[in-house]
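Chain and residue survey
Listed below are the residues making up each chain.
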Amino acid sequence: MSSSPSRRQFLLALGAAGAASCLPVKVGASTSEPLLYPPIDLSYFGNPITPAPFEIHFACASITWEGNDDQAIKDVSEVGFRGIQLRAPALKEYGDRPKALRDLLDKYKLELVALSSGDIRTEPETWIDQLALHTRNARFVHDVGGRYLQLIGPPRPKNRQPVADDYKGAGRALTEVARRSIDLGVPVGYHNHMNTLSEGPEELDWVMDAADPRYVKLELDIAHYKQGGGDPSKAVRQYRDRMLFLHLKDVESTLPAEGRDAKHSYRFLELGRGTVDIPAVFAALKEVNFSGWAVVELDRVPDKARTPKECALISKRYIEDKLGLKV
């Protein structure tokens, strides 16, 4: 295939593959056989579920501190955030001491909102190790008392355009990891990301359509979504029923370096300093009654004259002063 499939073609292919599994099965030859379960009162399901009120809790990601997690925990708490997202390298220090990390977070009155578990990959030779890695990380989140596991990827194929099987393979891989994570009580959020199969909005749709919605939820990164060519406020409305939590940062375009195109030339920034229409995102969150966590996240300090803590303060002030929300 020389180009990416349309979403309609992708869904038709996916549906055809699964059609056989949807055929009715004859349970018993006689209607007099006893029922496995008593009849269910279905009248309850006619009552609509009342949506939760709009409520956002704000956290900050430790990635800006470049591996100094203890300092990140201290600074994030002092800035005033209620939660933190850590990365998988934190297991080098606390992997066999989850209680120590839990005690440290308690000391600074922080909640572990998520652990970044790294890439999901689909190569057969790595699959067993992939399952073990992400299951171990989910168990760590559980033992620390955290909430979510983050997954990104797979990376885009080299020297060719992605095809339908790539997106379907990503969805299957995400589902298998998420099933195991859910067994540990840790939901999985899939992070849309530049330079992966979910780079563009339509590509994110293909991956999410291929993943089982019972297990795989969306962790919407508004800056990656914007840079990939989408409107993150529309994504909030589209994925209102599958959105687990968010990443909040801003983005600006930069002059393309040699060998890079305009789409892949960008710099992430503190909230309010780039091109993302952040008020529109929060208007959409309010419209859909989103209730959950939003993580302020910045890959690195964009201005070397500032510290990670100062960057966090800039984003906090934007949330409180421009959006009128309390961190």
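Below is a summary of the structure that appears in this document.

Here's the deal with helix H4 (residues 98-107)
- Along H4, the residues classified as buried are Pro98, Leu101, Leu104 and Leu105. All buried residues of H4 lie within an arc of 125 degrees about the axis, which places them on one face of the element. Summarising the geometry of H4, the exposed residues directed more than 90 degrees from the buried face are Lys99 and Lys107.
- Against the buried residues of H4 lie helix H2 (69-79), strand S2 (83-87), helix H3 (90-94), strand S3 (111-119) and helix H5 (127-144).
- Where H4 terminates, the next one or two residues include Lys109, which has phi positive at roughly 55 degrees.

Some points on the pairing of strand S4 (residues 148-152)
- Burial analysis of S4 places five of its five residues in the buried class, the great majority of the element.
- Alternating positions in S4 separate into two faces, Tyr148, Gln150 and Ile152 on one and Leu149 and Leu151 on the other, with burial throughout.
- Two elements, S3 and S4, share four bridges in a ladder whose sense is parallel. When the sheet's bridge partners are listed, Leu115 is paired in S4 with Leu149.
- Handedness of the S3-H5-S4 crossover: right-handed.
- Of the strand pairs in this sheet, S4 and strand S5 (residues 188-191) are connected by three bridges, and their pairing is parallel. Note on S5: the bridge partner recorded for Leu149 is Val188.

Some thoughts on the nonpolar core
- Grouped together as the largest cluster of nonpolar side chains are 77 residues, with contacts concentrated most on Phe58, Phe81, Leu220, Leu246, Phe282 and Leu285.
- When residues of this core are assigned to their parent elements, the largest contribution, six residues, is made by helix H6 (residues 164-183).

Notes on the sheet that holds S4
- Around the barrel, which closes on itself, the eight strands sit in the order S1-S2-S3-S4-S5-S6-S7-S10 with parallel pairing between neighbours. Pairs of neighbouring strands in the sheet enclose a mean axial angle of 30 degrees, with direction left out of account.
- The sheet strands contacting H2 are strand S1 (55-61) and S2, and the helix crosses S2 at an angle near 165 degrees.

Observations regarding the packing of aromatic side chains
- With the rule as written, the count across this model stands at four aromatic pairs.
- Ring geometry for Tyr148 against Phe245: centres 5.1 Å apart, planes inclined by 15 degrees, an arrangement best described as stacked. On the criterion of sequence distance, the pair formed by Tyr148 in strand S4 and Phe245 in strand S7 (residues 243-248) is long-range, its members being 97 residues apart. Neither residue differs from the other here; Tyr148 and Phe245 are each classed as buried.
- Ring centres of Tyr266 and Phe268 lie 5.2 Å apart, and the angle between their planes is 55 degrees; on these two criteria the pair is classed as tilted.
- The ring of Phe268 carries Lys249 above its face, with NZ or CZ at 4.8 Å from the centroid.

Observations concerning the pattern of salt bridges
- Enumeration over the complete set of coordinates arrives at 20 salt bridges.
- In this structure, the salt-bridge partner of Asp165 is Lys168, at a minimum N-O distance of 3.4 Å. Taken together, the positions of Asp165 and Lys168, both in helix H6 and three residues apart, correspond to about one turn of that helix.
- On the accessibility criterion, Asp165 (54% relative accessible area) is exposed.

The rules behind each value
Residues numbered from 1 in each chain as written. Predicted model: local features only at pLDDT ≥ 70, side-chain atom pairs only at ≥ 80, totals over all residues. Heavy atoms only, no water. Buried < 20%, exposed > 50% of the residue type's maximum accessible area, 1.4 Å probe, protein only. Helix = DSSP H or I, 4+ residues; strand = E, 2+ residues; numbered from the N terminus. Arc of directions from axis to C-beta. Contact = heavy atoms within 4.5 Å. Pairing = 2+ DSSP bridges. Right-handed = clockwise from strand over helix to strand, strands pointing away. Core = buried A, V, L, I, M, F, W, Y, C linked by side-chain atoms within 4.5 Å. Axes fitted to C-alpha atoms, helices over the stretch in contact; angles between N-to-C directions. Phe/Tyr/Trp six-rings, centres within 6.5 Å; stacked < 30°, edge-to-face > 60°. Lys NZ or Arg CZ within 6 Å of the ring centre and 35° of its normal. Salt bridge = Lys/Arg side-chain N within 4 Å of Asp/Glu carboxyl O.

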